[in-house]
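The lines below spell out each chain.
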Amino acid sequence: MGNKVLMKGNEALAEAAIRAGCRHFFGYPITPQTEVSAYMAKKMPKIGGTFLQAESEVSAINMVYGAGGAGVRVMTSSSSPGISLKQEGISYIAGADVPCVIVNIVRGGPGLGGIQPAQSDYFQATKGGGHGDYHLVVLAPSSIQEMVDLTADAFDIGDKYRCPVMIMGDGMLGQMMEPVEFKDTDVSDLPEKEWATSGTGMKRKKNIINSLFIEASELEDLVLERQQRYDEIIKNEVRYEAIDTEGADIILVAYGTTARIAKTAMAKAKELGYKVGIIRPITLWPFPFEAFEKALSSGTKKTFLSVEMSMGQMVEDVRLAVNGRADVEFFGRTGGIVPTPKEILAKIVEIGGAK
Amino acid sequence: MTHETIFAGFGGQGILFAGKVIAYAGMLEGKNVSHLPSYGPEMRGGTANCSVIVSDEDVASPIITEPANLVVMNGPSLDKFENAVIPGGKIFIDSALINRKCERDDADVFEIPATQMANDMGLPKLANMIMVGKLIKETQMFTWEQLKGAVTKLVPAAKAAMLDSNIKALEAGYNY
């Protein structure tokens, strides 16, 4: 069994962050992600790190801005309403090219909404959320092991491209327990951040972290330079899982825990004789357009069925990817209701016709 | 082989821990497992439940809508999940706390007065372990030695005194 331990998603994520070299965490409790904060509160003092429960989410994200600007690996976590509060800070962090990791364990919305699992923050995560020309890299794990692995990647991606990275789970992933294995990663020798405001030691010119550029041409140059980094991210960091898409008549598109439920429905549909495949985006931004190109290149007529815990948000990216070359359908539950395999199967049967 | 079990009762009965024992034992045996708790306001003094899957395959959906095994430790939980159990499934009822009979005639029903037994043994908090013992005996999900081994590893060193009591309770259920 290796070195597997049975852990709750939120706690496993926190442990993974610590192992990735995160020694600074600023947060504010909110269901269903509070265990991230609680774990950090317990662990950080023992390893010489900083855990700080801020007076609000707005404070927490600005502390992240400061710590990230000083060049350390830093994380904050929250759930939907709290992430809304952080948006101003996230935009500033993106505008100042400061790496950090932001965790959103999504719950039903809008407003205070509920506390049960949802995926209705897809638009907010992938299409801005805050103001300005920026993107978050958005990672969407579907198991606790994947959440652990992606947490390490999130810090690396953030540092490499100097951008904030979001890990987006849902209440189910945060609360459930699964066996996980932590890979040994050596973070003792991370590349130096020459841009960081970590003290000049009287040996170099001072660095400045800032997102205010009054001169339009200066701001445009910076946005264009950042866009080049986004293009690199699109080229290098797209991740997805595709199963049986080539011979399929119906291709499910689902991410996170919904993808697992869709896989159960897929297995049942196959037993009934339907040809079903699945595309599971792991990066929600950058969206895995190439998975759709590959699926469409087989030439047979296909229908894509986007399954989400929302009223239909990712389905818009599915339509962009398909670009009129196939039918796109949607099935979703919302408000904290999790779709069942049976419901998804019924939709597959509706699309595929009775057998 | 896949075992899908729902544990349900009220907060404080150790419902989530009972599920954790099963998930942990499965992990130790190299199986794929998931443990999904209900969470939210209903847990505080209200009903609590968890879905535990132990499988040789990857666990796809961690949600169980049609359990093969149901362990219930209060009346509302029997009301809620009784009809979800698959035909031929197994239903384990703490008959010390649930007054009515199970109405399913297409499932194997086991009535165990676990809370009474636990009180009689002087282990009032461990009715959950009695139910786990009976579940494992009837489903053969694990051997007795595997179950005992899992609990031994799961009880933290600081609470070693609790280990004997837990095993006693498991044994009482296993042999009931």
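Up top is the structure these notes are about.
The structure contained in this document is the topic of the report that follows. (Residues numbered from 1 in each chain as written. Chains lettered and ligands numbered in written order. Predicted model: local features only at pLDDT ≥ 70, side-chain atom pairs only at ≥ 80, totals over all residues. Heavy atoms only, no water.)

## Some remarks on the overall build of chain B
- On a plain count of helices and strands, chain B comes out with six helices and six strands.
- The order of helices and strands in chain B, counted from the N terminus, is β-α-β-β-β-α-β-β-α-α-α-α.
- In terms of C-alpha radius of gyration, chain B reaches 15 Å, essentially the compact-globule figure of 16 Å for 176 residues.
- Taken along the three principal axes of its C-alpha coordinates, chain B extends 40 × 40 × 35 Å.
- Going through the 176 residues of chain B one by one, you find that 54% of them count as buried.
- Sequence separation of at least 24 residues holds for 56% of the intrachain contacts in chain B that already meet a minimum separation of 6.
- Only carbon and sulfur atoms are counted for the fraction: they give 51% of the accessible area of chain B, which is about 7500 Å².
- Put simply, chain B has 15 plus and 20 minus side-chain charges, and the middle of one group is 8 Å from the middle of the other. (Helix = DSSP H or I, 4+ residues; strand = E, 2+ residues; numbered from the N terminus. Rg over C-alpha atoms; globule rule 2.2 N^0.38 Å. Buried < 20%, exposed > 50% of the residue type's maximum accessible area, 1.4 Å probe, protein only. Contact = heavy atoms within 4.5 Å. Areas by Shrake-Rupley, 256 points an atom, 1.4 Å probe, with all protein chains shown as cover. Lys, Arg positive; Asp, Glu negative; His and termini not counted. Charge placed at Lys NZ, Arg CZ, Asp CG, Glu CD.)

## Digging into a negative patch on the surface
- A cluster of acidic residues, E215, E218, E220 and D221 of chain A, forms a negative patch at the surface.
- Assignment of secondary structure puts E220 of chain A in helix 9 (residues 216-236). (Patch = residues over 30% accessible without salt bridge, like charges linked within 9 Å, V, L, I, M, F, W, Y side chains within 5 Å. Salt bridge = Lys/Arg side-chain N within 4 Å of Asp/Glu carboxyl O.)

## A closer look at the packing of aromatic side chains
Residue and element names in this part refer to chain B.
- Applying the stated criterion across every chain, the model contains eight aromatic pairs over all chains.
- Their ring planes at 15° and their centres at 4.9 Å tell us that F92 and F110 sit as a pair that is stacked. Within this pair, whereas F92 is found in strand 5 (residues 90-94), its partner F110 is found in strand 6 (residues 108-112), the two being separated by 18 residues in sequence. A single burial state applies to F92 and to F110, both of which are buried. (Phe/Tyr/Trp six-rings, centres within 6.5 Å; stacked < 30°, edge-to-face > 60°.)

## Section: the packing of helix 1 (residues 9-19) of chain A against helix 7 (residues 144-161) of chain A
Residues and elements named next belong to chain A.
- Orientation of helix 1 relative to helix 7, taken along the N-to-C sense of each, is 30°, at an axis distance of 9 Å. Looking at the two axes, helix 1 sits roughly parallel to helix 7. Crossing hand, helix 1 versus helix 7: right-handed. The residues of helix 7 that touch helix 1, namely those facing G9, N10, A12, L13, A16 and A17, are I144, M147, V148, T151 and F155.
- For the contact of helix 1 with helix 7, a count of residues per class yields eight nonpolar, three polar and no charged. (Axes fitted to C-alpha atoms, helices over the stretch in contact; angles between N-to-C directions. Parallel < 35°, antiparallel > 145°, perpendicular 65-115°, else oblique. Left-handed = near helix turned anticlockwise from the far one by under 90°. Nonpolar A, V, L, I, M, F, W, Y, C, P; charged D, E, K, R; others polar.)

## Some thoughts on the layout of surface pockets
- Computed from the structure, the largest pocket encloses a volume of approximately 1000 Å³.
- As for the largest pocket, its lining consists of 35 residues, of which T264 of chain A together with D58, V59, A60 and S61 of chain B are closest to the centre.
- Of all the secondary-structure elements, those providing two or more residues to the lining of the largest pocket are helix 7, strand 8 (177-180), helix 10 (256-271) and helix 13 (341-352) of chain A together with strand 1 (2-10), strand 2 (32-37) and strand 3 (47-55) of chain B.
- Of the residues forming the lining of the largest pocket, the biggest block, six residues, is contributed by helix 10 of chain A.
- Tallied by class, residues from the lining of the largest pocket come to 10 nonpolar, 10 polar and 15 charged.
- Summarising the domain contributions, the lining of the largest pocket has at least three residues from each of domain 1 (5-187 + 210-236) and domain 2 (241-352) of chain A. (1 Å grid on protein atoms, 1.4 Å probe; cavity = no way out; pocket = protein on both sides within 12 Å on 5 of 7 lines; lining within 4 Å. Points joined across faces, edges and corners; volume = space filled by probe spheres on them. Domains from an automatic or database assignment.)

## Let's talk about the environment of T139 of chain B
Residues and elements named next belong to chain B.
- Counting through the fold element by element, T139 comes out in helix 4 (residues 127-139).
- The exposure class assigned to T139 is buried, which follows from its relative accessible area of 13%.
- For the pair formed by T139 and Q13, sequence separation is 126 residues and the distance between their alpha carbons is 22 Å.
- Beyond its immediate stretch of four places on either side in the chain, T139 contacts H3, N69, K90 and F92.
- For T139, the side chain forms a polar contact with the main-chain oxygen of L135, separated by 2.7 Å. (Polar contact = N/O pair within 3.5 Å; in protein donor to acceptor, adjacent residues only side chain to side chain.)

## A closer look at the environment of L136 of chain A
All names here are of chain A.
- Secondary-structure assignment places L136 in the loop between helix 6 (122-126) and strand 6 (137-139).
- Sequence spacing of L136 and W285 is 149 residues, and the spatial spacing of their C-alpha atoms is 7.0 Å.
- Aside from chain neighbours lying at most four places away, what touches L136 is I90, A125, P164, M166 and W285.

## A few points about the pattern of salt bridges
All names here are of chain B.
- According to the stated counting rule, one finds 32 salt bridges over all chains in the structure shown.
- Across the pair D56 and K31 runs a salt bridge, and its minimum N-O distance is 2.8 Å. With D56 in the loop between strand 3 and strand 4 (69-72) and K31 in the loop between helix 1 (15-28) and strand 2, this residue pair connects regions lying 25 residues apart in the sequence.
- Using a relative accessible area of 42% as the deciding quantity, one classes D56 as partly exposed.

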